[in-house]
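Per-entry structural report
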Amino acid sequence: MRLRRVLLIVLLVGGFWFVTSHLPEQLSRMDLLNTAGVSRSPLALTEAHASPAYDADEQNNIAVYKKALPSVVNITSKSMTYNFFYGQVPQEGQGSGFILDRAGHVLTNFHVIADANRISVRTSDKRDYKATIVGTDKMHDLALLQITGQNLQPVTLADSTDLTVGQKVYAIGNPFGLNGTMTRGIISSIRSIRGPEDAPIEDAIQTDAAINPGNSGGPLLNSRGEVIGINTLIASNGVEQSSGIGFAIPINTAKAVLGDLTKYGRVRRPTLGISSLAIGPDIADQMGLAAESGVLVQRVSPGGAADRAGLRGGNQQAYLGNQPILLGGDLIVAVDGKEITDNGDLSTIMDKHQPGDTVSITFYRGRKKLTVNLTLGEGRGVNT
């Protein structure tokens, strides 16, 4: 009996040893044999051509990017601010700009370099340059910088007069510091808006091309890679990123001030020397005016251009809603034969002139229509 138990134990131990030592190896060999016997189909990949063919739209996108990129720069501005303990703390901002000529003039937004005590410019080939401020136009949110470098590539400036809603546009800049980024969209509208300093920007270009922080000062381009505007604002509703509504300053506005910025370091702004009120058909009817629209002269600056030409301001106190106004002044309806319907029309015409230019002013004094020649003065505020 005892011998049987010993033999049973020996058999159990031997069997356990055999199963754990030899059976896994045999199973593994069987698996390999089975695998070797399986028929597998070859892997067939579908690959694109080595040289992809771009369609006409893609070719145009690529052409615009290659043409404009060497002219677009990344601008870093450094300034000093004060913390809670009145200690000086360095602050850094970023934006974009573009090269205007081989002399190294760079155009950007004023708000990109405002309060900066050090400005550096990086070109698309990763070369860094120290920039100096040539001049600024805070009202139009423009700044002209200059760098000294070799082989600088200037942009080509277009005419922004006849832009059309639906026209294809491209924005190139450095959104969120991502250098050389291009986005595409269309012109969504041409409208007057208020800039960062609450000054009017006439005929601003609205676009759905993605514009984000860092794009400010960069070029808005047409389908030929020519600059039609300077990317400036986004409608963000409190979120600092693209909402599909961005705005650019028309390049013709910049052209009008570049000469002054280069020569004087500031813009010599022409002025009529008046304060005025825009008049529409309803208000004109209520006031019994001789024309349906125009700008009603409220006050004339003593010794100013309008005063010297004999224009008159209002002399009768009244209210338009809660706004106090003056009645009895001259109603300006045209400048140089171009119809004036509001202050925006007046500002647009003033942007095309310099102090000292002579313009003809057509206005109504009561029911009598008159025209006088007026020599524009120089002002620092809004162009009226």
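Before any of the text, the structure's been laid out above.
Bear in mind that the values here come from a model prediction, so they are computed numbers and not experimental data.

Across its full length, the protein carries 8 helices and 22 strands. Within the protein, the proportion of its 384 residues that are buried is 41%. Intrachain contacts of the protein at a sequence separation of at least 6 include 60% that bridge at least 24 residues. When the accessible surface of the protein is split by element, carbon and sulfur atoms take 52% of a total near 21,700 Å².

The set of residues buried in helix α8 (residues 343–351) consists of G344, L346, S347, I349, M350 and D351. Here the buried face of α8 lies against β9 (200–207), α5 (251–264), β13 (269–271), β15 (294–300), β18 (331–335) and β19 (338–339). The backbone nitrogen of D345 lies 2.9 Å from a side-chain oxygen of the residue at the head of α8, namely D342.

Below, the discussion takes up the nonpolar core. Within the largest apolar cluster, 26 residues are counted, with the highest numbers of intra-cluster contacts made by F98, L100, L107, L221, I230 and I251. When contributions to this core are tallied by element, the ones reaching two or more residues are α3 (56–68), β6 (142–146), β7 (168–173), β9, β11 (227–234), β12 (246–250) and α5. Broken down by element, the residue count for this core peaks at 5 residues, all from α5. In contact with L100, other than residues within four places in its own chain, are H105, L107, L144, P154, V155, L157 and L258. With 19 residues, the next largest nonpolar core counts I274, V335, I361 and L376 among its residues.

The topology assignment puts S160 in the loop between β6 and β7. At 3.1 Å, the side chain of S160 forms a polar contact with the backbone nitrogen of N252.

Alternating positions in strand β4 (residues 118–122) separate cleanly, I119 and V121 being buried on one face and R118, S120 and R122 remaining unburied on the opposite face. Of the strand pairs in this sheet, β4 and strand β5 (residues 128–137) are connected by 4 bridges, and their pairing is antiparallel. In the strand pairing of β5, R122 is matched with D128. What sits between the antiparallel neighbours β4 and β5 is a turn of 5 residues, in which K126 has the positive phi angle 70 degrees.

Scanning the model with the defined rule gives 9 salt bridges in all. The residue D57 makes a salt bridge to K168 at a minimum N-O spacing of 2.8 Å. Here D57, found in helix α3, pairs with K168, found in strand β7; they are 111 residues apart in sequence, far enough to count as distant. For D57, a relative accessible area of 31% translates into the label partly exposed. A salt bridge links R127 to D125; the nearest nitrogen and oxygen atoms lie 3.2 Å apart. Overlapping salt bridges, with partners in common, bring together D57, K168 and R184 in one network.

For a regular strand, side-chain orientation follows a simple rule: the groups alternate between the two sheet faces. Pairing between strand β16 (residues 316–320) and strand β17 (residues 323–327): 5 bridges, direction antiparallel. Looking at β17, one finds that Q317 is bridged to L326.

On to the environment of A199. Position of A199 among the secondary structure elements: in the loop between β8 (181–194) and β9. Using a relative accessible area of 10% as the deciding quantity, one classes A199 as buried. Residues A199 and M139 lie 60 residues apart in sequence; the distance between their C-alpha atoms is 5.8 Å. When near neighbours in sequence (up to four residues on either side) are disregarded, A199 contacts M139, I193 and R194.

Here Q298 lies in strand β15. You can call Q298 buried: its relative accessible area is 8%. Within polar-contact distance, the side chain of Q298 engages the backbone nitrogen of L326 at 2.9 Å. Contact partners of Q298, with chain neighbours within four places excluded, come to S275, S276, L277, G313, G314, I325 and L326.

Turning our eyes to something else, we now look at the sheet that holds β12. By definition, the strands of a sheet pair up through backbone hydrogen bonds, in either a parallel or an antiparallel sense. Spatial strand order, β7-β8-β9-β12-β11-β10: 6 strands in a closed barrel with antiparallel pairing. Neighbour-to-neighbour, the strand axes of the sheet open up by a mean angle of 50 degrees, direction not taken into account. Of the strands in this sheet, β7, β8 and β10 (219–221) touch α3, which is tilted by about 40 degrees from β7. Packed onto the sheet, α5 meets β11 and β12 and runs at close to 40 degrees relative to β12.

The next point concerns α3. Between its terminal C-alpha atoms α3 stretches 18 Å, which fits the 18 Å expected from 13 residues at 1.5 Å a residue. Within the span of α3, buried status applies to N61, V64 and A68. Taken down its axis, α3 places every buried residue within 65 degrees of arc, on the same side. Those residues of α3 that are exposed and aimed more than 90 degrees away from the buried face are A56 and K66. Capping the start of α3, D55 holds a side-chain oxygen 3.1 Å from the backbone nitrogen of D57, two or three residues further along.

Attention now goes to unusual backbone geometry. Phi is positive for D141, which is not a glycine, with a value near 60 degrees. Here N151, not a glycine, exhibits a phi torsion of approximately 55 degrees, which is positive. Note on placement: N151 falls in the loop between β6 and β7. N151 sits in the exposed class, given a relative accessible area of 68%.

Reading guide: rules and limits
- Residues numbered from 1 in each chain as written.
- Predicted model: local features only at pLDDT ≥ 70, side-chain atom pairs only at ≥ 80, totals over all residues.
- Heavy atoms only, no water.
- Helix = DSSP H or I, 4+ residues; strand = E, 2+ residues; numbered from the N terminus.
- Buried < 20%, exposed > 50% of the residue type's maximum accessible area, 1.4 Å probe, protein only.
- Contact = heavy atoms within 4.5 Å.
- Areas by Shrake-Rupley, 256 points an atom, 1.4 Å probe, with all protein chains shown as cover.
- Polar contact = N/O pair within 3.5 Å; in protein donor to acceptor, adjacent residues only side chain to side chain.
- Core = buried A, V, L, I, M, F, W, Y, C linked by side-chain atoms within 4.5 Å.
- Pairing = 2+ DSSP bridges.
- Salt bridge = Lys/Arg side-chain N within 4 Å of Asp/Glu carboxyl O.
- Axes fitted to C-alpha atoms, helices over the stretch in contact; angles between N-to-C directions.
- Expected span 1.5 Å × (residues − 1).
- Arc of directions from axis to C-beta.

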